[in-house]
Amino acid sequence: MKIELSKTIKNIPENVFYPIFKLISDESSNGNPLLNAGIGVPDSDTPELLLETLEKSIRKPENMRYGAFDGKNELLEEISHWLKKTYNIDANPKDEIALVFGTKAGLSSLPSIILNPGDTTLLPVPSYPDYIQGIALAGANIEEIILKEENSYLVDYSSISSELAKKAKLIFLNYPSNPIGAVATKEFYEETVQWAKKNNIIVIQDHAYSDFYYKDGVSPCFMQTAGAKEVGVEFFSFSKNFSISGLRIGFAVGNKEIIKALREYNTIFHANIYGAVQDTVITALRNHSELTAHIKNTYRKRIEKITKKLDELGYSYYKPEGGIFIWLKVKEGFNSQDFFELLLKKYRIVTMPGHVFGSGGENYIRLSLSLSDNQIDTLIKKLEQLNKDL
């Protein structure tokens, strides 16, 4: 019997990371250790407090039964309290917050909730590649908006033609950004709201690296902006902040209509998030300051140590103001794939080639900051040897 799959699944592009991970897997199998500077999650261990909470919560009888579709009220209220305390955002836990099974799942779901086949999405690039598959699942079209260093990798709305803005229905933002490490400003978000209202375009802001912000204060938040709830939603991840990526939980906050639709979508495909996971996040939020206090200083030191050596070795790069990556220009004479493979096969360094992040990513690699002091020392030695060899 011949199985004919749907056009929907056939039209979803292959995950761009798959061939990269295949190369890495092949290299790792030869017994010669690799230095993983390609990882997209922090290297910190999960805090003991959260492990203890998870262990205790597993034994609660109510957590072994079906839970509420929308999540525990206690968690939704805690998120609302945390948003107010951290960002001075007023968010009603009853209709302005939706839990998601990791921000990846939530971000991939929204195109199917908002878009019809043939609708247009604006995708600033270089960007997180998984947005593309969610858009494809909705049968929508993509128009890339090239981000430029001279504009601090912020979207230049004046460069978007009125014709393109007129046909677009949705735009993705991601600050602090993956793969670049650019951060948004209060003024940029104010401009975003005005532009979105003028052109009737929905805004999805991916704030997965919210605690990874290396200026003073907290990372600027889209939902802090007057009028933001009228035009879109913002996603937050618990995975990075609290080193619990395996638990797969995050949330969206913002426009009531979109939040309602996202909750309905979740009831169809996901039912409820495991109660013990929700309990763990409640503990994390109540101890947020203590559990994340190390992040800013730790990553600032890593950035300074690595970029100082990159300067000595003559590299060009974008010094990150947020996120956990350095956006590094490859050596002259290489494209991003060639340089990625050179680092991988000869110098045993795992990175990510820039081309997987869309237009504008060619001739760059993404270098992770999720490295211990000893690993950074090893990275520096390998880069020094590379310079000598070239």
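Residues numbered from 1 in each chain as written. Predicted model: local features only at pLDDT ≥ 70, side-chain atom pairs only at ≥ 80, totals over all residues. Heavy atoms only, no water.

1. Here we look at the sheet that holds strand E12 (residues 352-353)
Strand order in this open sheet of four strands is E9-E10-E13-E12, and the pairing throughout is antiparallel. Edge strands, defined here as strands with exactly one partner in the open sheet, are strand E9 (317-318) and E12. Across two bridges, E9 lies against strand E10 (residues 325-329) in antiparallel orientation. By the bridge assignment, tyrosine 317 is partnered in E10 with leucine 328. (Pairing = 2+ DSSP bridges. Helix = DSSP H or I, 4+ residues; strand = E, 2+ residues; numbered from the N terminus.)

2. Remarks on unusual backbone geometry
Geometrically, the link from tyrosine 175 to proline 176 is a cis peptide bond, its omega value of -10 degrees lying close to zero. Summarising the element assignment, proline 176 is placed in the loop between strand E5 (168-174) and helix H8 (186-199). Looking along the chain, the bond that leaves asparagine 178 and enters proline 179 is cis, with omega of 20 degrees. Here proline 179 is to be found in the loop between E5 and H8.

3. A closer look at helix H14 (residues 295-312)
Over its 18 residues, H14 runs 26 Å from end to end, which matches the ideal 26 Å to within 8%, given 1.5 Å per residue. Along H14, the residues that are buried comprise Ile295, Tyr299, Arg302, Ile303, Ile306, Thr307, Lys309 and Leu310. The arc enclosing the buried residues of H14, seen along the axis, measures out at 155 degrees, which places them on a common side. When the buried face of H14 is taken as reference, the exposed residues oriented beyond 90 degrees from it are Lys301, Lys308 and Glu312. In this structure, the buried side of H14 is in contact with helix H10 (239-242), helix H13 (288-292), E9, E10, strand E13 (364-368) and helix H16 (373-389). At the C-terminal side of H14, glycine 314 shows a positive phi close to 80 degrees. (Expected span 1.5 Å × (residues − 1). Buried < 20%, exposed > 50% of the residue type's maximum accessible area, 1.4 Å probe, protein only. Arc of directions from axis to C-beta. Contact = heavy atoms within 4.5 Å.)

4. As for the packing of helix H3 (residues 48-58) against helix H12 (residues 275-286)
The axes of two packed helices give the description: the angle between them and the distance between them. At a minimum axis separation of 8 Å, H3 and H12 run at an interaxial angle of 145 degrees. As for the relative orientation of H3 and H12, their crossing is right-handed in sense. Residues Leu49, Leu50, Thr53, Leu54, Ser57 and Ile58 of H3 pack against Ala276, Val277, Asp279, Thr280, Thr283 and Ala284 of H12. Within the contact of H3 with H12, the residues separate by chemical class into seven nonpolar, four polar and one charged. (Axes fitted to C-alpha atoms, helices over the stretch in contact; angles between N-to-C directions. Left-handed = near helix turned anticlockwise from the far one by under 90°. Nonpolar A, V, L, I, M, F, W, Y, C, P; charged D, E, K, R; others polar.)

5. Considerations on the environment of leucine 147
Within the secondary structure layout, leucine 147 lies in the loop between strand E4 (141-146) and helix H7 (162-167). Along the backbone, leucine 147 and valine 125 are 22 residues apart, and their C-alpha atoms lie at a distance of 5.8 Å. Contact partners of leucine 147, with chain neighbours within four places excluded, come to Pro124, Val125, Pro126, Tyr153, Leu154, Val155 and Tyr175.

6. Focus on the layout of surface pockets
Considering only enclosed or pocket space, the largest pocket measures out at about 550 Å³ in volume. Lining the largest pocket are 28 residues, with Gly40, Val41, Tyr128, Tyr209 and Lys240 positioned closest to its centre. Mapped by element, the contributors of at least two residues to the lining of the largest pocket are helix H2 (17-28), helix H5 (103-114) and H10. Partitioning the lining of the largest pocket into residue classes produces 12 nonpolar, 10 polar and six charged. (1 Å grid on protein atoms, 1.4 Å probe; cavity = no way out; pocket = protein on both sides within 12 Å on 5 of 7 lines; lining within 4 Å. Points joined across faces, edges and corners; volume = space filled by probe spheres on them.)

Everything listed here is a matter of coordinates, which is why it stays silent on function.
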